[in-house]
Amino acid sequence: MEEIGVSKSRIKFAGKFDLGDYYRLLYDIFRSMGYEVEESKYKHKTKPGGDELEIEWNCYKKVDDYTRFKIFAKTLIVGLKEVSVQIDGVPSKRHNGDTELEMKCVVQTDFTNRWETHPMLKFFRGVYEAYIYKSTLETWMIKLQTEMETVENEMKAFFNMQRFM
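The present account deals with the structure reproduced in this document.

Thresholds, definitions, all that
- Residues numbered from 1 in each chain as written.
- Predicted model: local features only at pLDDT ≥ 70, side-chain atom pairs only at ≥ 80, totals over all residues.
- Heavy atoms only, no water.
- Salt bridge = Lys/Arg side-chain N within 4 Å of Asp/Glu carboxyl O.
- Helix = DSSP H or I, 4+ residues; strand = E, 2+ residues; numbered from the N terminus.
- Buried < 20%, exposed > 50% of the residue type's maximum accessible area, 1.4 Å probe, protein only.

**Considerations on the pattern of salt bridges**
Line of reasoning, step 1. In the structure shown here, the tally under the stated rule is 16 salt bridges.
Line of reasoning, step 2. E2 is the partner of R125 in a salt bridge, and the nearest nitrogen-oxygen pair spans 3.5 Å. In this pair, R125 is assigned in helix α2 (residues 119-132) and E2 in strand β1 (residues 2-17), connecting sequence segments 123 residues apart.
Line of reasoning, step 3. Overall, R125 belongs to the buried group, its relative accessible area being 9%.
Line of reasoning, step 4. For R24, the salt bridge goes to D21, with nearest N and O atoms at 2.8 Å. Pair noted here: R24 and D21 are both in helix α1 (residues 19-32), with a separation of 3 residues, about one helical turn.
Line of reasoning, step 5. Residue class for R24 comes out partly exposed when judged on its relative accessible area of 48%.
Line of reasoning, step 6. For D21, a relative accessible area of 31% translates into the label partly exposed.
Line of reasoning, step 7. Residues participating in the shared-partner salt-bridge network are R10, K12, E100 and E102.

Have a look at this one:
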């Protein structure tokens, strides 16, 4: 399997937000675009100045029999505290903290390692990727970049809306 890096992104937010809404929104965005979401890490530390939360996801989307997209999403929240806020005059609970969402996307080719089983197949893979698959790979890289920008814009909109609550 070969991984070809496409893009990286980082979103930072400091303020009040609903942690449950954040988690559900990010998950729903990936699922709505056809990704399988695998949570590889969930770490919660309780600290006197506020909790620390670290969540890592590997999101996979099979594009064809040879290619799949992978977006790695890491959320780090420090100083996480539950706070009381007024929303339209109604008391409500929210979370406050410094949040960072880091994403990295790659295109994985030959993700099933079918072409790695025999030296002759390895040779044909090189020819296939250099001459036949090249334009298709460029198209997939543009599509993956667009999908990651969609996730990024949705999360920026979420955080921007949280400022007004």
